[in-house]
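The lines below spell out each chain.
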Amino acid sequence: MFLRKTIAVVASAAALSVGLVGTAEAAPRTLTYNSSGAGEFQAAVDRGAQVWNNSVVNVRLVKVTGAANITVTVDNQWPRAYVTSLGRGRWVMGRQAVNEGHDTTRISSHEFGHLLGLPDRRTGLCTDLMSGASAGTSCKNPNPNTREKAEVEANFRTAVTVGPSTYVDAA
Ligand SMILES: [Zn+2]
């Protein structure tokens, strides 16, 4: 009788332990990006990806040269993102924003933010990454705030449904 009870306790403790490990140490979702079409902005694109890799744990952005989840290109218009679904789609580095003085790393992390499921919030605040160009050209902050980071963590923890959406980031 005593033995049987002990085994039951050990078994349930093991089940609990497996459950906790599965939740807390789930592998981050890896998203690949190909920025070979981003011209002179390769480094800025990489810095934007690095910002997110330093900010969240549930998703990882990895640069590739072949087929990718996210494609980054450049043209002479405003930056914009075309989100197919969470972590899938493309964004464009727009020279018009760069020429007007907007920070290239902030643009990059902002556009990656759209691919990670964040919408525009034109608050005018530099502390908000998703305020985009509304924060003005003096804003060089490329980092998501606490709320934006938590939102992305939750998006990938729950695999939330996102898109299709297009975000045009004209000032
Ligand atoms: Zn935007």
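Residues numbered from 1 in each chain as written. Predicted model: local features only at pLDDT ≥ 70, side-chain atom pairs only at ≥ 80, totals over all residues. Heavy atoms only, no water.

### What about the nonpolar core?
Formed by 32 residues in total, the largest nonpolar core has its most connected members in Trp52, Leu61, Ile70, Trp91, Phe112 and Val152. Of all the secondary structure elements, the ones that give two or more residues to this core are strand S1 (29–37), helix H2 (42–55), strand S2 (59–63), strand S3 (70–75), strand S4 (80–85), strand S5 (88–94), helix H4 (104–115) and helix H5 (146–158). The element that contributes the greatest number of residues to this core is H2, accounting for four residues. Dropping the residues within four chain positions of it, Val152 is found in contact with Trp52, Val56, Val59, Leu116 and Leu118. (Core = buried A, V, L, I, M, F, W, Y, C linked by side-chain atoms within 4.5 Å. Buried < 20%, exposed > 50% of the residue type's maximum accessible area, 1.4 Å probe, protein only. Helix = DSSP H or I, 4+ residues; strand = E, 2+ residues; numbered from the N terminus. Contact = heavy atoms within 4.5 Å.)

### Observations regarding the side chain of Asp128
Inspection of the secondary structure assignment puts Asp128 in the loop between H4 and H5. No salt bridge is formed by the buried Asp128; the nearest opposite charge belongs to Arg147, separated by 6.8 Å. Within the structure, the side chain of Asp128 is placed 2.8 Å from the side chain of Asn145, a separation counted as a polar contact. For Asp128, the residues in contact, after removing those within four places along its chain, are Arg106, Thr123, Asn145 and Glu148. (Lys, Arg positive; Asp, Glu negative; His and termini not counted. Salt bridge = Lys/Arg side-chain N within 4 Å of Asp/Glu carboxyl O. Polar contact = N/O pair within 3.5 Å; in protein donor to acceptor, adjacent residues only side chain to side chain.)

### Details of the coordination of the zinc ion
Reference geometry at the metal: tetrahedral coordination by four donors gives ideal angles of 109.5 degrees; octahedral coordination by six donors gives 90 or 180 degrees. At this site the zinc ion is bound by His110 (NE2), His114 (NE2), Asp120 (OD), Asp169 (OD) and Asp169 (OD), with donor distances of 2.0 to 2.5 Å. On the primary sequence, the residues serving as donors to the zinc ion are separated as H-x3-H-x5-D-x48-D. Taken together, the positions of His110 and His114, both in helix H4 and four residues apart, correspond to about one turn of that helix. For His110, a relative accessible area of 3% gives the class buried. In this structure His114 comes out as buried when scored by relative accessible area, which is 0%. (Donors = N, O, S within 2.8 Å, 3.2 Å for Na, K, Ca; no water.)

### Description of H4
Spanning 12 residues, H4 covers 17 Å between terminal C-alpha atoms, matching the ideal 16 Å at 1.5 Å per step. Along H4, 12 of the 12 residues are buried, which leaves the element largely enclosed by surrounding structure. Looking only at H4, the buried set comprises Thr104, Thr105, Arg106, Ile107, Ser108, Ser109, His110, Glu111, Phe112, Gly113, His114 and Leu115. For H4, the N-terminal cap is Asp103; the gap from its side-chain oxygen to the backbone nitrogen of Thr105 is 3.2 Å. Phi turns positive, to about 100°, at Gly117, one or two residues after H4. (Expected span 1.5 Å × (residues − 1).)

### Thoughts on the environment of Thr166
With respect to the element layout, Thr166 can be found in strand S6 (residues 165–168). For Thr166 and His114, which are 52 residues apart along the polypeptide, the C-alpha to C-alpha distance reads 9.0 Å.

### Focus on the sheet that holds S1
Spatially, S2-S1-S3-S5-S4-S6 is the arrangement adopted by the six strands of the open sheet, whose pairing is mixed. Strands at the two margins of the open sheet, each flanked by one partner only, are S2 and S6. Pairs of neighbouring strands in the sheet enclose a mean axial angle of 20°, with direction left out of account. The pairing of S4 with S6 spans four bridges and is antiparallel. Considered in S6, the bridge of Arg80 is made with Val168. (Pairing = 2+ DSSP bridges. Axes fitted to C-alpha atoms, helices over the stretch in contact; angles between N-to-C directions.)

### Some words on the pattern of salt bridges
Taken as a whole, this structure holds six salt bridges when the rule is applied. Close ionic contact of Asp75 with Arg80 constitutes a salt bridge, the shortest N to O distance being 2.5 Å. Between Asp120 and Arg122 there is a salt bridge, and its shortest N-O distance comes to 3.6 Å. Accessibility expressed as a relative area gives 19% for Asp120, which makes it buried. Linked through salt bridges whose partners overlap, the residues forming this network are Asp120, Arg122 and Asp169.

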